[in-house]
Amino acid sequence: MSILAVTAQIEVKPAGAWVDITNATVRGSVRISGATTTNSDNPLASGASGDLTADLDVMVATGITIASSTPIRITYTTAGSAATRTFLGSVRDNQGNLTTAHLSCVSARETIATTRGYSVAFYRRRAFTQTTTTSQEDPTGVGYQAGLGNWGFWQSGGRPLEQSGSYPDAAFYYSVPQHSLIAPEWSWLAGESFWEQLGLLAEACGGQVYVARDGVVRYIQPLTYPSGSALFTFSRSAATYDQTSSGYFGPGSSYRFTSGQKADLVVCPYEPRVARPLQEVVSDDTVRQVPAGETIEIILEPKWPLKSLQYASGSATQLDPKAIVARFYDGQSAPQGASGYTHTVTLAAQRVTLTVTNASSRPIQITKIKLSGEPIVAGEPSSVTVGETPPDRPPIKRTVCDGNPFVQSRSHALFLAELTLALHKDERMILNLTDCPPDVLRIEGETVNVTCAEWGLSAAPFLITGLDRDQTNGRNHYEAVSVAGLPADGDFFIVGSTNYTGLTKQLIW
Amino acid sequence: MPFAVETLMPLVAGVPLSVSQVVELLRQNAIALDGLAYRDMPLFDSMASNPSYDAHPSGDFLLGRWSLKYISGLTSLIVTGTASGSTGGLSISINSVLVASVTLAGIWTETISIASGYGAGDLLLIDVYTSGNTNKTSKIVVHDIYATPLSLSGWTAPPTFTGGYAPDKLQILADDCDWLHRRMNMVPMLPTLAHYFRNGRNDLGNSGSGAGIITQYTGSVLRPAANSILRIAGWANILTNLTERIKVYLGGSLAYTGTTWTPGGYEINVPIDISSIAVGTRAELRIQSEVLSVANNLGEDSRYSFITLQTEAGGAGYPAQTPPAPILPRPANTSATTLNAALNAIGAMLTATKTTIEASTAFTRIRACRRVYGYDQHDWSKFTRAHPHRFKRRGDVLDVTGKGPLILGYGNQIMETDDDGHRTYAYTFEHEESLTDSNLVETKTIYLDNFAGLEVGMPYHIFGADYAAERLF
């Protein structure tokens, strides 16, 4: 049995440019693993995936320091095929001796997971919005309407894949092929790990966010799982290992059904959120000193996230003079302006940052800050349940999005519960395809066909949900789940130019 | 929560049309807007300060005071009413400047230009005096004061859906919901001027044989929509009279005769048909109490309180339009024909709501708010409690102008008693909050959510306001 010729190009970016460290240094050990979900018993579970990792044993590259966090990318070329990016991330650990080094690498997930920030509150904006060559992804750009997921990607250093030409040095790329199905009532980020929060956001929309083997962070909505024509077929018939495109999979391949993916009843809790009219949202009595000519930063965290903050009449940037109680030490009021203090306000949903500059020549004492705004308050938690109890056995009940802060209305919870039920009403065959030939074109989230007489499959559609590329022995392993019969885009009325006259379709929840 | 008119998520091409997040929200919006179009309208209070309009001195006197908040685009202030047995005319001033001298007739109307001289947010304090009156029995009544015109641009007629569901067509429905909400919010929601503990009589009148009648209330009723009814609510305390009742006259004709009461406390909650009034017009309303029999002439006056005096949507259809049935989502298949019909029905409902508000003078005129006044501080303090502005919370924002102490009260009404335990007819509310920082006249924007427990639908009172009106948002 011959092994296909596969070459790998390994590059690192210790400074400003990519440096090729391949130079025949690969000692035969490059392993890349990733999946679209962390739930192996339920590959269609929504939310965020685990990490895409790469482990490499390489020759020490003389004169190049590969510190942790150094960007790294791997490009494979299979004989007869175009070069394909198979990993993009950064080095987490580099341990070596005089001749060899072992690099443990992580993907953009790590970058996103360690990024924290505060966003404004987005109202009924789709959580993940489609990225195109023209979509406005820059939060400071004109007409910005991207979703909170896109916002988090951007703030973590990511740039849209579709606009990669404009951002050649992006820390990573992200792509949203289709808008998320759901727009939460209110969505915001408030200092938590972005990856964790974007996972919750994806879960609240029924989709998956993951890092694919090409290093691109993707969000996919569940109606796309069975969409499109499969470009590739895995087949047991007349295939051999050394034929890259044959779709061969080894005799050690297996299947399983797990009860973890089935549901008769789906429960979706929610905690309503609603913006309320202007009222006092911050009352801070902390006494602060501002020496003459000095600037202090004051961070205030309202109890509820804020839809808006009230500014002085006619101003979009300046607080009402009564909002900040400031006095000179002799008791005289310190006014706004050059003879007193100036200030700037940075508003995020759950953080108000005031920068106060004492513009006078006398010290100022701030004794009270009282801000009014429109808070987004939580209501009484509730839940919806959909599905039916089977007549012959106790129902399998699945609870989704328990404690997820982005599910904030009954209609949202109902949508999500119905979507989950549609995806999980049947147990689905999960395949573990092992000892497959190296094929750099296969990618997580891709729909493929599987033919296997022993399992009764003939060109059955499966979704690749996991990938393990072991260059040590040149073999690929895949995890895939059946997507036959799942609801797809084409089942529904689609907003757009299609004329449905005379047709019957479904309306999504 | 006030009636929620929901903002839809941005409608974009390429996504499945959602029932819960698009179609049903549009349907619910249309229903809510239909409900908002049938706004409760307080009666126009024509009571004089002392307090019945037909008891006044023979010289000139103050007929009443009102206030109105100016918004851009208003050009005319209309004052209209009736007069009989009068001499002379009326003097109308705005902010103490004489703006019109009115020649009285049986039905009189004065149009005053307010096209210039006022800016958005200005408060117009309107005083109406008699001028040249020499007759103690003249009857001069102001039936309505309002400003016009009102307009809002940006309405696009709902499209007809025939099988395609383009985002811009769906967006028109969403935009029309928003337009209707903003259009209705242009007209402030005025309070009822409540009348607490008004005195009845304790005798059968001067003749001793006829009924002991006293006018308890005079105002005018607008019939804003075809199915509107009049609602009178309050209570009566019959203290010593043996039998007593109320009568309601609409346009001079008896419209309601109450049940005969014996001593005790009674709630009044009376729906009255007003179909005799043309839609969009008004008629005079008078409420009288009538003593039918007494034990002797040494009894105590009965007491009457009228706290709800308004027109509201009648029982024959509320909301008045029949909303389209909810459309079912997956797994039921839906034909494009059914979906078209659902969306077109929503569009038709929005169009009908626009027609409703344009036909109803409830939304084409900004009416004046009745002001309470007294000739001295004692009167003022007394009248602000006897005649507070009473709201049933419908919106989120209250615009109020007044001289401190300006108070918002809500919750349980607590009656005070004297040292002997007798009711004094003085009262407070469980929650009373000062709205001003000083004794100066202040204009405030009050966000009603700041008052814990003051939920939408709950009544509250404003004491001491020159002007008070709610906004939806």
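It should be emphasised that the depicted structure is a prediction, and the values quoted were computed from it without experimental measurement.

Peer 1: How should I be thinking about the overall build of chain A in this particular structure?
Peer 2: Across its full length, chain A carries four helices and 35 strands. C-alpha extents for chain A along the principal axes are approximately 90 × 70 × 45 Å. Evaluated residue by residue, chain A yields a buried proportion of 44% over its 509 residues.

Peer 1: Can you help me understand the overall build of chain B in this one?
Peer 2: On a plain count of helices and strands, chain B comes out with five helices and 26 strands. The C-alpha radius of gyration computed for chain B amounts to 25 Å, which stays within 12% of the reference 23 Å derived for 473 residues, consistent with globular compactness. With the principal axes as the frame, chain B shows a C-alpha extent of 80 × 50 × 45 Å. Per-residue burial over chain B gives 42% buried out of 473 residues. Sequence separation of 24 or more characterises 82% of the internal contacts of chain B that already satisfy a separation of 6 or more.

Peer 1: Help me understand unusual backbone geometry, please; the structure alone is not making it clear to me.
Peer 2: Peptide bonds are mostly trans, and most non-glycine residues show a negative phi. A cis amide bond links Thr148(B) to the next residue, Pro149(B), at an omega of -10 degrees. With respect to the helices, strands and loops of the structure, Pro149(B) is situated in the loop between β9 (139-148) and α2 (167-185). Although it is not a glycine, Ala459(A) sits at a positive phi angle of roughly 50 degrees. For Ala459(A), the location among the structural elements is in strand β33 (residues 457-470). Phi at Phe197(B) takes a positive value of approximately 55 degrees, unusual for a residue other than glycine. For Phe197(B), the location among the structural elements is in strand β11 (residues 195-199).

Peer 1: Is there a simple way to explain the sheet that holds strand β6 (residues 97-103) of chain B in this structure?
Peer 2: As a general point, the strands of a sheet are linked pairwise by backbone hydrogen bonds and lie either parallel or antiparallel. All names here are of chain B. The five strands lie next to each other as β6-β5-β8-β3-β21, forming an open sheet whose pairing is antiparallel. The sheet terminates laterally at β6 and β21 (369-370), the two strands that pair on one side only. Two strands pair when backbone bridges link them, and strand β3 (residues 62-69) and β21 are joined in this way by two bridges, in the antiparallel orientation. Each bridged residue has a counterpart across the sheet, and for Trp66 the counterpart in β21 is Arg370.

Peer 1: Please clarify how the domain arrangement of chain B should be interpreted in this entry.
Peer 2: Residue and element names in this part refer to chain B. Parsing chain B into structural domains produces domain 1 (19-38 + 151-186 + 319-364), domain 2 (192-313) and domain 3 (376-471). Taking the mean C-alpha position of each, domain 2 and domain 3 sit 25 Å from one another. Listed by contribution, the elements that provide at least two residues to the side of domain 2 that touches domain 3 are β10 (192-193) and β11. At three residues, the largest contribution of residues to the side of domain 2 that touches domain 3 is made by β11. Class assignment of the residues belonging to the side of domain 2 that touches domain 3 gives a composition of five nonpolar, two polar and no charged.

Peer 1: How do you make sense of the sheet that holds strand β19 (residues 265-270) of chain A when you look at a structure like this?
Peer 2: All names here are of chain A. With mixed pairing, the three strands of this open sheet are ordered in space as β29-β19-β30. Every interior strand has two partners, whereas the edge strands, β29 (382-387) and β30 (397-399), have only one. Strand-to-strand twist in this sheet, taken as the mean axis angle between neighbours without regard to direction, amounts to 20 degrees. With six bridges joining them, β19 and β29 adopt antiparallel strand pairing. Counterpart to Val266 in the pairing with β29 is Val386.

Peer 1: Help me understand the interface of chain B and chain A in this model?
Peer 2: Opposite the 39 residues of chain B that make contact, chain A presents 38 residues. Contributions of two or more residues to the side of chain B that touches chain A are made by α1 (19-37), α2, β19 (333-335) and α3 (336-359) of chain B. Looking at the side of chain B that touches chain A element by element, the count peaks at five residues for α1(B). Broken down by class, the residue content of the side of chain B that touches chain A amounts to 23 nonpolar, 12 polar and four charged. With three bridges joining them, strand β35 (residues 504-506) of chain A and β19(B) adopt antiparallel strand pairing.

Peer 1: Looking at this structure, I do not really get the pairing of strand β26 (residues 459-471) of chain B. What am I missing?
Peer 2: Regular strands place side chains that alternate from one sheet face to the opposite one. Residues and elements named next belong to chain B. Of all 13 residues that make up β26, 11 are buried, and the element is covered over most of its length. Across 10 bridges, strand β23 (residues 397-417) lies against β26 in antiparallel orientation. In the strand pairing of β26, Asp399 is matched with Ala469.

Peer 1: When you look at the nonpolar core in this model, what are you seeing that I'm missing?
Peer 2: Considering soluble globular proteins, one finds that nonpolar side chains tend to be buried as a cluster. Grouped together as the largest cluster of nonpolar side chains are 238 residues, with contacts concentrated most on Ala204(A), Leu416(A) and Ala480(A). Per element, the largest residue contribution to this core is 10 residues, and it comes from α1(B). In contact with Ala480(A), other than residues within four places in its own chain, are Leu431(A), Leu433(A), Val448(A), Val450(A), Phe462(A), Leu463(A), Ile464(A) and Thr465(A).

Peer 1: It is not clear to me how the packing of α1(B) against α2(B) should be interpreted in this structure. Could you clarify?
Peer 2: Two numbers describe a pair of packed helices, the interaxial angle and the distance between the axes. Residues and elements named next belong to chain B. Where α1 meets α2, the closest approach of the two axes is 10 Å, and the angle between their N-to-C directions is 25 degrees. Judged on the interaxial angle alone, α2 and α1 are roughly parallel. Crossing of α1 against α2: the hand is left-handed. Where α1 abuts α2, its residues Val22, Leu26, Asn29, Leu33, Leu36 and Ala37 lie against Leu170, Leu173, Ala174, Cys177, Leu180, His181 and Met184.

Peer 1: Quick question: what am I supposed to make of α2(B) here?
Peer 2: Owing to its 3.6 residues per turn, the α-helix brings residues three or four apart onto one side. All names here are of chain B. Over its 19 residues, α2 extends 27 Å from the first C-alpha to the last, a length consistent with the 27 Å expected when each residue adds 1.5 Å. By the burial criterion, the buried members of α2 are Leu170, Ile172, Leu173, Ala174, Asp176, Cys177, Leu180, Arg183 and Met184. Of the surrounding secondary structure, the elements contacted by the buried residues of α2 are α1, α3 and α4 (361-364).

Peer 1: It is not clear to me how the environment of Ala183(A) should be interpreted in this structure. Could you clarify?
Peer 2: Structurally, Ala183(A) can be placed in the loop between β12 (172-175) and β13 (186-187). For Ala183(A), a count of 24 C-beta atoms within 10 Å corresponds to the buried category. Along the backbone, Ala183(A) and Pro291(A) are 108 residues apart, and their C-alpha atoms lie at a distance of 47 Å. Excluding residues that lie within four positions of it along the chain, Ala183(A) makes contacts with Arg124(A), Arg125(A), Arg126(A), Ala127(A), Met9(B) and Gln21(B).

Peer 1: In this structure, what is going on with the confidence of the model for chain B? I would like to understand it.
Peer 2: It should be kept in mind that the predicted coordinates are not to be read in detail where pLDDT is low. Summary statistics for chain B give a mean pLDDT of 89 and a share of 93% for residues scoring 70 or more. Considering only residues more than four positions removed or in separate chains, one finds that residues 49-53 of chain B, a stretch of pLDDT under 50, has 12 contacts.

Peer 1: Would you explain the packing of α2(B) against α3(B) in this entry?
Peer 2: Residues and elements named next belong to chain B. Orientation of α2 relative to α3, taken along the N-to-C sense of each, is 20 degrees, at an axis distance of 10 Å. Of the possible angle classes, the one that applies to α2 and α3 is roughly parallel. Judged by the sense of rotation from one axis to the other, the crossing of α2 with α3 is left-handed. Of the residues in α3, those touching α2 at Leu173, Asp176, Cys177, Leu180, Arg183 and Met184 are Ile346, Gly347, Leu350, Thr353, Lys354 and Ile357. Its residues assigned to classes, the contact of α2 with α3 shows seven nonpolar, two polar and three charged.

Peer 1: Which parts of the structure should I look at to understand the environment of Tyr76(A)?
Peer 2: Inspection of the secondary structure puts Tyr76(A) in strand β6 (residues 71-78). Placed 11 residues apart in sequence, Tyr76(A) and Phe87(A) show a C-alpha to C-alpha distance of 9.1 Å.

Peer 1: Can you help me understand the pairing of strand β31 (residues 430-436) of chain A in this one?
Peer 2: Residues and elements named next belong to chain A. Judged from the three bridges that link them, strand β18 (residues 254-256) and β31 form a sheet pairing that is antiparallel. Considered in β31, the bridge of Ser254 is made with Asn432. Relative to strand β34 (residues 475-482), β31 runs antiparallel, the two sharing five bridges. Residue pairing across strands places Asn432 opposite Glu479, the latter belonging to β34.

Peer 1: Whenever I open this one, helix α2 (residues 148-155) of chain A confuses me. Can you help?
Peer 2: Residues and elements named next belong to chain A. For α2, the buried fraction is high: six of the eight residues fall into the buried class. Looking at α2, one finds that the buried residues are Leu148, Gly149, Asn150, Trp151, Gly152 and Phe153. Backbone geometry just downstream of α2 places Gly157 in the positive-phi region, at approximately 105 degrees.

Peer 1: Sorry, what's going on with the environment of Ser113(B) here?
Peer 2: All names here are of chain B. Tracing the chain through its elements places Ser113 in strand β7 (residues 107-113). Taking the number of C-beta atoms within 10 Å as the measure of exposure, Ser113 has 11 and is therefore exposed. If we skip the residues at most four places from it in the chain, Ser113 touches Thr75 and Ser76.

Basis of the calculations
- Residues numbered from 1 in each chain as written.
- Chains lettered and ligands numbered in written order.
- Predicted model: local features only at pLDDT ≥ 70, side-chain atom pairs only at ≥ 80, totals over all residues.
- Helix = DSSP H or I, 4+ residues; strand = E, 2+ residues; numbered from the N terminus.
- Buried ≥ 20, exposed ≤ 12 C-beta atoms within 10 Å, placed from the backbone.
- Rg over C-alpha atoms; globule rule 2.2 N^0.38 Å.
- Contact = placed C-beta atoms within 7 Å.
- Pairing = 2+ DSSP bridges.
- Domains from an automatic or database assignment.
- Nonpolar A, V, L, I, M, F, W, Y, C, P; charged D, E, K, R; others polar.
- Axes fitted to C-alpha atoms, helices over the stretch in contact; angles between N-to-C directions.
- Core = buried A, V, L, I, M, F, W, Y, C linked by C-beta atoms within 7 Å.
- Parallel < 35°, antiparallel > 145°, perpendicular 65-115°, else oblique.
- Left-handed = near helix turned anticlockwise from the far one by under 90°.
- Expected span 1.5 Å × (residues − 1).
- pLDDT = per-residue confidence, 0-100.

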